[in-house]
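Coordinate inspection notes
Spelled out from the first residue to the last, the chains are:
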Amino acid sequence: MKRTRPTISARKRKADQTSTSEVGEAGGRGRRQRHKKVVREVGEEENRPEVEQQVQEDAIKAEKDARPAAQVEEDEAKPDGQAEEEARADVETEEEARTDAHTEAVELEAERHEEDAHTEVSVVRRGRGRGRQQRQRHDEVPVGLEDLRLLKDFGNHVAADIWNGRERQLLKIYNHSHYLKNWELPTTNRRFMDRVKASGLLPLAQITYLYCNKVLVSAFVERWHPETNSFHFGFGEMTITLEDVLGSQLRVAEASDVVSCGGVELHWLKNTFMNVGDAATDERVDYYARAFLLYLLGTTLFVDKTGIRVNVSYLALLSNLGQVRTYAWGVGALGFLYRQLGQASRSHVKQMGGYTTLLEAWIQEHFPMFQHAMNANYIEELPRAARWQSRWEAKSATTVRYHEMLDDVQASQVVFDPYRERRQVVADMALYTGCICCMVVVEPYQPDRVLRQFGLVQLVPGPPLAPLRGTRGSTSATYSVVYQYTDALWQNWRDHMLHEDKRVPVTPGIPWESHQDYLPWFRRVSHLKVARGRRDGHNTKSAEERTAKALVVVDNCLSGTHISPFEMKNTLREVQRILRGQDAAHLSTPGPSSSISFTRHSAQPIDLT
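Residues numbered from 1 in each chain as written. Predicted model: local features only at pLDDT ≥ 70, side-chain atom pairs only at ≥ 80, totals over all residues. Heavy atoms only, no water.

1. Quick word on the overall build of the chain
Definition in use: Counting from the N terminus, the helices are the DSSP runs of H or I reaching at least four residues and the strands are the DSSP runs of E reaching at least two. Residue exposure (1.4 Å probe, protein chains only): buried if accessible area is under 20% of the type maximum, exposed if over 50%, otherwise partly exposed. Contact definition: two residues touch when any of their heavy atoms are within 4.5 Å. Under the convention used here, a 1.4 Å probe and the Shrake-Rupley method define accessible areas, while residue burial counts only the protein chains that appear.
Of the regular secondary structure elements, the chain holds 20 helices and 13 strands. Across the 609 residues in the chain, those meeting the buried criterion constitute 49%. Contacts spanning at least 24 positions in sequence make up 75% of the contacts within the chain whose residues lie at least 6 apart. When the accessible area of the chain is evaluated, it comes to approximately 29800 Å², of which 51% is carbon and sulfur surface.

Pasting the structure below:
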């Protein structure tokens, strides 16, 4: 029979009843002292797993030592497993005490912040097995998460910490572009170069950004949710899709079985295989070509958080150099980046790998406010990521200003479908629905959550794919999810397409169009803001005051001797935001002034039509 766990108060009454004996009194005092110790430790420091484990061990030992001899004999006489089950129940009860103490500490900290942030939401984490509960204070504007059935692990998300006043430092983003420059290709060795070019991977060495804008990447990571594999904004969800990797000319084809092995150091690959002579045998040239391609993959598509290694399991895909071009490199890179984003969204993770060039290029394609200077040498035949130049962010920059920009971003400011001019019909493969695989990494791909990126009306999506098992804790070590995947699923992708009923084209001129039920649903299940203590962007100033402020912004811009198109674009967007009172991020159909679109072309003026 399953044993019911006693409550804290029940255990206290039991301790009082057994206090007639000296041992019973010692046991009762020991339990109360342990409870006080737990409360004190949780109040001083919330994240001390080693100490908590030691407290549990000490509690169990003290409990055993405090038992009377009669109780020991009784336990020994119990059937096998019953004593162990009761011991586990006692430990779980101690865990409940720890959880209650943790809750008290979090609530006290939230109350201290309440005077400065009237719209604050306090996220209260619960212990193992009890779920997580989110409590929203009475305020003028709800920030979402009324329903936790979608973002089940929001309590471990970095956005929850930020809202409660605990800013995270900038992520350490691993970028290996300098490694690429260190490998000097033997351009005079035609056999080597022919093999490398035939792989279709050489453009990666040409388009990978020299710098990584870690401020921008960190700000977008704060809006990534692995339950949906998408970024969450006030107007809904967006994500990097298969169409983005197709647009990057990373060919997508059939998957391949591979083995999982350890890693090899990048500098060892370079030092061992960089120089191949013209007189080398064909077999030796093949070895050197495989080594370079493995090095290329480890410094671009599959950058891991070691910063110095590449997984040698990718070598299995390079065994037949003639087939390298046919593999699903784009799909693999996307799945790998999904997993890296998911881990980086945890509140205690400080590093991130993956192909951040793909992420930065995606941001610039869809968010004109973050666009850098265009590459003057770009032509349509080049990978899409080559359109933009990389830019080094100032060391003093923080994500705070990006918090506000992304909190206030309006649907009309986003380019949902940047590829519509290059295609007549959405590539069928981009509407595949299921899981994508990169070696042992399997991640869900759900285009129904971002229909506007395919020129379709956004509907309320179905529930996200649930993992077979796993957890998403606050650290990399506690982040482990396993999804169901078979090669047949991907190889028969035509049998797993987005249903035709969900393919409703948007009204011309309204690329942000969504069903009337979508935004009310989204506001219940997601958080609309990240910046702590900020309201929903409503400006309480009068129309005259907003107009005067907008004119000041224009005057400041025109006072310069030279105005770049980039500065003019940002000025117009600032004026637009001021005149609207920062209110349009919550409108499903913005007004006529929202139809202004900015398209930058090389050697051409900005198009404001």
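On we go.
2. Details of the pairing of strand S12 (residues 469-472)
Basically, it comes down to this: The pairing criterion for strands is at least two bridges between them, as found by DSSP.
As judged from the four bridges shared by S12 and strand S13 (residues 479-482), these two strands associate in the antiparallel manner. Counted as the bridge partner of Arg469 is Val482 from S13. Joining the antiparallel neighbours S12 and S13 is a turn of six residues.

3. Re the packing of aromatic side chains
Defined as follows: Here a pair means two rings of Phe, Tyr or Trp (six-membered ring of Trp) with centres within 6.5 Å. Their orientation is stacked below 30 degrees between planes, edge-to-face above 60, and tilted elsewhere.
This structure, assessed with the given rule, holds 28 aromatic pairs. On the numbers, 5.9 Å between centres and 40° between planes, the contact of Tyr518 with Trp521 is tilted. Taken as a pair, Tyr518 and Trp521 lie in helix H18 (residues 518-525) at a separation of three residues, close to a single helical turn. On the accessibility criterion, Tyr518 (0% relative accessible area) is buried. Consider the rings of Tyr518 and Phe522, whose centres lie 6.0 Å apart with planes at 20°: the pair is stacked. Linking Tyr518 with Phe522, this pair stays in helix H18, spanning four residues, or about one helical turn. No difference in accessibility class separates Tyr518 from Phe522, as the two residues are buried. Joined through ring pairs, the aromatic side chains of Phe220, Trp224, Phe231, Phe233, Phe235, Tyr338, Trp362, Phe367, Phe370, Tyr402 and Phe416 make up one cluster.

4. Comments concerning the sheet that holds strand S6 (residues 236-238)
Read across the open sheet, the three strands follow the order S4-S5-S6; overall the sheet is antiparallel. Pairing within the sheet leaves two strands with one partner each, and these edge strands are strand S4 (224-225) and S6. In this structure, strand S5 (residues 230-233) lies alongside S6, joined through three bridges in antiparallel fashion. By the bridge assignment for S6, His232 is matched with Glu237.

5. Regarding unusual backbone geometry
Despite not being glycine, Asn229 has its phi angle at roughly 50°, a positive value. Looking at the secondary structure, you find Asn229 in the loop between S4 and S5. The residue Met439 is not glycine, and still its phi comes out positive at about 60°. In this structure Met439 comes out as buried when scored by relative accessible area, which is 19%.

6. Some remarks on the confidence of the model for the chain
Stated precisely, the cut-off is as follows: pLDDT gives the predictor's per-residue confidence on a scale running from 0 to 100.
For the chain, the mean per-residue pLDDT works out to 74, and 65% of the residues sit at or above 70. Within the chain, S6 carries the highest mean pLDDT (98), whereas strand S1 (residues 121-124) carries the lowest (36). Low pLDDT, under 50, characterises residues 253-261; the predicted model gives this stretch 24 contacts beyond four residues in sequence or across chains.

7. Quick notes on the pattern of salt bridges
Heads up, the condition is: A side-chain nitrogen of Lys or Arg and a carboxyl oxygen of Asp or Glu constitute a salt bridge if their distance falls within 4 Å.
Counted by the stated rule, this structure contains 14 salt bridges. The partner of Asp147 in a salt bridge is Arg149, with the nearest N and O atoms 2.6 Å apart. Residue classification places Asp147 among the buried residues on the basis of a relative accessible area of 17%. Where Arg384 meets Glu365, a salt bridge forms, and the shortest distance between an N and an O atom there is 2.9 Å. Here Arg384 is found in the loop between helix H15 (356-366) and helix H16 (400-408), whereas its partner Glu365 is found in helix H15, with 19 residues between them in sequence. Exposure class is identical for Arg384 and Glu365. Each is buried. Among the ionic contacts, a cluster of salt bridges with common partners joins Glu365, Arg384 and Arg387.

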